Amino acid sequence: MNSIEEFKAANPEKEYYTKLVEELAKLNEELGAFNNINFSINGGYPLSVKDNICVKDFETTASSKILRGYVPPFSATAVERLLNSGFGFLGKTNMDEFGFGSFGINSERLARNPFDKTRVPGGSSSGAAIAASVLKYHVALAESTGGSIAAPASFCGVVGLTPTYGRVSRYGLIDYASSLDKIGLISRSASEIRYAFDLIKGKDSYDATCVDAKEPENKRINKLFIIDSFVERVEEKVNSSFFKTLDKLSGMGYKIEHIEIADIDDTLPVYYIIAMAEASTNLAKYMGFKYGSKVEDFSKEYNEFFTEARELFGKEAKRRIVLGTYVRSASVRNKYYYKALQLRGLFSQRFAEYLKDGFIILPTMPILPPKIAEVSELSPLQTYMIDILTVPANLLGLPHISFPTDYAEGLPVGTQLIGAPYTEHTLIDFVEEWEKGFAYKFKYNLGSV
Ligand code: GLN
């Protein structure tokens, strides 16, 4: 019996939820997983929603001061579909402001790794992954632009599915970079992810990029490709753990093949150029008029008025507005932005060559979850480099799943599997098979029935 069936069979009463939110609120003071807990939840399978996804009548801020006080008059399509199908809304999860970050430290409230509170939980969907790691029965709705589902899922020892671009409606998502954003899921098991994914996927008249896709025919994957130049570079402990995982997979009958993809390192700058260019336009709407914080004094001079309103953006958001505006400015856009778009097309072809025959497998993150104090010292460029392994699949809109495969020094190690477009179910099947021979570890087990 999977956990959703188990939960339904136990059919918990109102007291269950009262106790759950009380315990959660207490733990939240230490871990910073939730920006807001819904204390009036009284039924349904617990669902948390990343704070950049709208929930009707519930403050939604994308962890930004500039959106404080914004209460959406509607719910995102994905939220609506889940709440109409037996899920109960548990609260809004913490994140890096607007999705800008990889560690969960670019937020007003610091998020911490449940395995070791002095370490980062990963980001930007930091709270979603922490919630999945500490709650026995729960599904998190999250979002990824360049790795924000896979990275925290890996650091918190849970499963994270990033669907193909356009497979899940983005309606009601506070956009970061519209051609890259995907709504996906984080949870403790592949079966919960399958259940929720089947409810949220598919066409939505509110999002023109969202399609009803047919799954490709060949079901079981046999061939797994490893990009050697990527794997060689990861931290020694992650590297040896990854090869241990590959040995197990060979034992399960998978055929492993080593490959190289030309110029693969360029996916990182290509991603950051596109992401920042789009982010800088998407953030233009926050100027003290319509959403969230308002500047009341209209007597101010133009520059002064907007400076005051936009002062509320965090440091990373400001950096991205400046860089994003620059790369798409008339004098350099051929050199940066258009070039990046061209290269994205080229990489799509290079990946497709392999993905027609099998799946790409890689460590999710190149390092174990680092200490909060350590990452606070990194330069922006060093921080962006940590995304090297999660960026390619995200840049190309390819579905991928990160799942726990080992523990090193008491910390989880995650592996990611990347597939051709619309192969989500095959990815989920793969993880389900893996789970049969793998013992997950969790530090907390809130909400047992
Ligand atoms: N770390 C990446 C960035 O900052 C990815 C974030 C995301 O997927 N939202 O752009």
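Preceding this section is the structure that the text describes.
Residues numbered from 1 in each chain as written. Predicted model: local features only at pLDDT ≥ 70, side-chain atom pairs only at ≥ 80, totals over all residues.

Q: Got a minute to help me understand the overall build of the protein chain in this structure?
A: Per the secondary structure count, the protein chain includes 16 helices and eleven strands. Whereas a compact globule of 449 residues would reach a radius of gyration of roughly 22 Å, the protein chain reaches 21 Å, a difference of no more than 12%. The C-alpha extent of the protein chain, read off along each of the three principal axes, is 70 × 60 × 45 Å. (Helix = DSSP H or I, 4+ residues; strand = E, 2+ residues; numbered from the N terminus. Rg over C-alpha atoms; globule rule 2.2 N^0.38 Å.)

Q: Looking at this structure, I do not really get the nonpolar core. What am I missing?
A: Where a protein is soluble and globular, its nonpolar side chains tend to be buried together. Judged by nonpolar contacts, the single largest core of 112 residues is most densely connected at Leu 141, Val 159, Leu 185, Ile 186 and Ile 273. For this core, the element with the most residues is helix 9 (residues 267–282), which contributes nine residues. If near-sequence neighbours (up to four positions away) are discounted, Ile 186 is found in contact with Ser 125, Ala 128, Ala 129, Ala 132, Ala 140, Ala 142, Ile 149, Ala 153, Val 158, Val 159 and Gly 160. (Core = buried A, V, L, I, M, F, W, Y, C linked by C-beta atoms within 7 Å. Buried ≥ 20, exposed ≤ 12 C-beta atoms within 10 Å, placed from the backbone. Contact = placed C-beta atoms within 7 Å.)

Q: It is not clear to me how helix 16 (residues 424–435) should be interpreted in this structure. Could you clarify?
A: Residue pairs spaced three or four apart in an α-helix point in one direction, given the helix's 3.6 residues per turn. Its twelve residues place the ends of helix 16 17 Å apart at the C-alpha level, agreeing with the 16 Å of an ideal helix rising 1.5 Å per residue. On its buried face, helix 16 sits against strand 5 (159–162), helix 6 (190–200), strand 10 (400–408) and strand 11 (411–418). (Expected span 1.5 Å × (residues − 1).)

Q: Even after reading the chapter, I still don't get the site of the ligand, so can you show me in this structure?
A: Close to the ligand lie 13 residues; Gly 99, Ser 102, Thr 145, Gly 146 and Ser 148 are nearest. Among the residues making up the shell around the ligand, the classes are represented as three nonpolar, nine polar and one charged. (Near = placed C-beta within 6 Å. Nonpolar A, V, L, I, M, F, W, Y, C, P; charged D, E, K, R; others polar.)

Q: Mind showing me how you'd approach helix 2 (residues 14–31) here?
A: Between its first and last C-alpha atoms helix 2 spans 25 Å; for 18 residues at 1.5 Å apiece the expected length is 26 Å, and the two agree. Residues of helix 2 that are buried: Tyr 16, Tyr 17, Leu 20, Val 21, Leu 24, Asn 28 and Leu 31. As for helix 2, its buried residues are in contact with strand 1 (34–37) and helix 4 (126–134). Backbone geometry just after helix 2 places Gly 32 at a positive phi near 60°.

Q: Explanation requested: the packing of helix 9 against helix 11 (residues 315–327) in the structure shown.
A: Two elements in contact, helix 9 and helix 11, have axes separated by 7 Å at closest approach and are oriented at 105°. In terms of orientation, helix 9 and helix 11 fall into the roughly perpendicular class. Together, Ile 273, Met 276, Ala 277, Ala 279 and Ser 280 of helix 9 and Arg 320, Ile 321, Leu 323, Gly 324, Thr 325 and Val 327 of helix 11 make up the contact between the two elements. The residue inventory of the contact of helix 9 with helix 11, partitioned by class, reads seven nonpolar, three polar and one charged. (Axes fitted to C-alpha atoms, helices over the stretch in contact; angles between N-to-C directions. Parallel < 35°, antiparallel > 145°, perpendicular 65-115°, else oblique.)

Q: Teacher, can you tell me more about unusual backbone geometry here?
A: A negative phi angle is the norm for most residues apart from glycine, just as the trans form is the norm for most peptide bonds. Cis geometry marks the peptide bond from Gly 123 to Ser 124, where omega comes out at 10°. Along the polypeptide, Ser 124 turns up in the loop between strand 3 (87–93) and helix 4. Notably, Asn 11 is not glycine yet its phi reads approximately 45°, a positive angle. Locating Asn 11 in the fold gives a position in the loop between helix 1 (3–10) and helix 2. Since 9 C-beta atoms lie within 10 Å of it, Asn 11 is described here as exposed.

Q: I keep staring at the environment of Phe 313 and nothing clicks. Help me out?
A: Within the fold, Phe 313 resides in the loop between helix 10 (302–310) and helix 11. The spacing of Phe 313 and Tyr 286 is 27 residues in sequence and 9.3 Å in space, taken between C-alpha atoms.

Q: Can you help me understand the environment of Leu 411 in this one?
A: By the element assignment, Leu 411 lies in strand 11. Note: C-alpha distance between Leu 411 and Ala 284 (127 residues apart in sequence) is 40 Å.

Q: It is not clear to me how the pairing of strand 11 should be interpreted in this structure. Could you clarify?
A: The side chains of a regular strand alternate, first on one face of the sheet and then on the other. Counting buried residues along strand 11, seven of its eight residues qualify, which places the element largely inside the surrounding structure. Taken together, the four bridges between strand 9 (residues 359–363) and strand 11 define a ladder with antiparallel strand orientation. Residue Ile 361 lies in a different strand from strand 11, and its bridge partner there is Leu 417. Of the pairings in the sheet, the one linking strand 10 to strand 11 comprises eight bridges and is antiparallel in character. If you follow Ala 408 over to strand 11, its bridge partner there is Leu 411. The antiparallel pairing of strand 10 with strand 11 creates a hairpin that spans two residues between the two strands, and Glu 409 there sits at a positive phi of about 55°. (Pairing = 2+ DSSP bridges.)

Q: In this structure, what is going on with the packing of helix 9 against helix 12 (residues 337–355)? I would like to understand it.
A: The geometry of a pair of packed helices is captured by two quantities: the angle between their axes and the separation between those axes. Close contact between helix 9 and helix 12 brings their axes to 9 Å; oriented N to C, the two are set at 125°. Judged on the interaxial angle alone, helix 12 and helix 9 are oblique. Considering the relative orientation of helix 9 and helix 12, their crossing is left-handed. Judged by residue contacts, Thr 267, Val 270, Ile 273, Ile 274 and Ala 277 of helix 9 engage Tyr 337, Ala 340, Leu 341, Leu 343, Arg 344 and Phe 347 from helix 12. The residue makeup of the contact of helix 9 with helix 12, split by class, is nine nonpolar, one polar and one charged. (Left-handed = near helix turned anticlockwise from the far one by under 90°.)

Q: What should I look at first to understand the pairing of strand 3 in this one?
A: Of all seven residues that make up strand 3, six are buried, and the element is covered over most of its length. Examined bridge by bridge, strand 1 and strand 3 share three bridges and lie antiparallel to one another. Counterpart to Ile 37 in the pairing with strand 3 is Gly 91. Note that strand 2 (residues 45–50) and strand 3 share six bridges and pair parallel. Its bridge partner being in strand 3, Pro 46 is matched across the sheet by Gly 88. Taken together, strand 2, helix 3 (residues 77–83) and strand 3 constitute a β-α-β crossover, and its handedness is right-handed. (Right-handed = clockwise from strand over helix to strand, strands pointing away.)

Q: Honestly, the sheet that holds strand 8 (residues 255–259) in this entry has me stumped. Any pointers?
A: What holds strands together in a sheet is hydrogen bonding between their backbones, with the strands either parallel or antiparallel. As summarised here, the arrangement of the eleven strands in space is 1-3-2-4-6-5-10-11-9-7-8, forming an open sheet in which the pairing is mixed. Lying at the two open borders of the sheet, with one neighbouring strand each, are strand 1 and strand 8. Pairwise comparison of adjacent strand axes, ignoring direction, gives a mean angle of 30° for this sheet. Lying on the sheet, helix 6 is in contact with strand 4 (139–144), strand 5 and strand 6 (182–187); it crosses strand 6 at an angle near 145°. Seen against the sheet, helix 8 (residues 236–251) touches strand 7 (223–227), strand 8, strand 9, strand 10 and strand 11 and runs at an angle of roughly 110° to strand 10.

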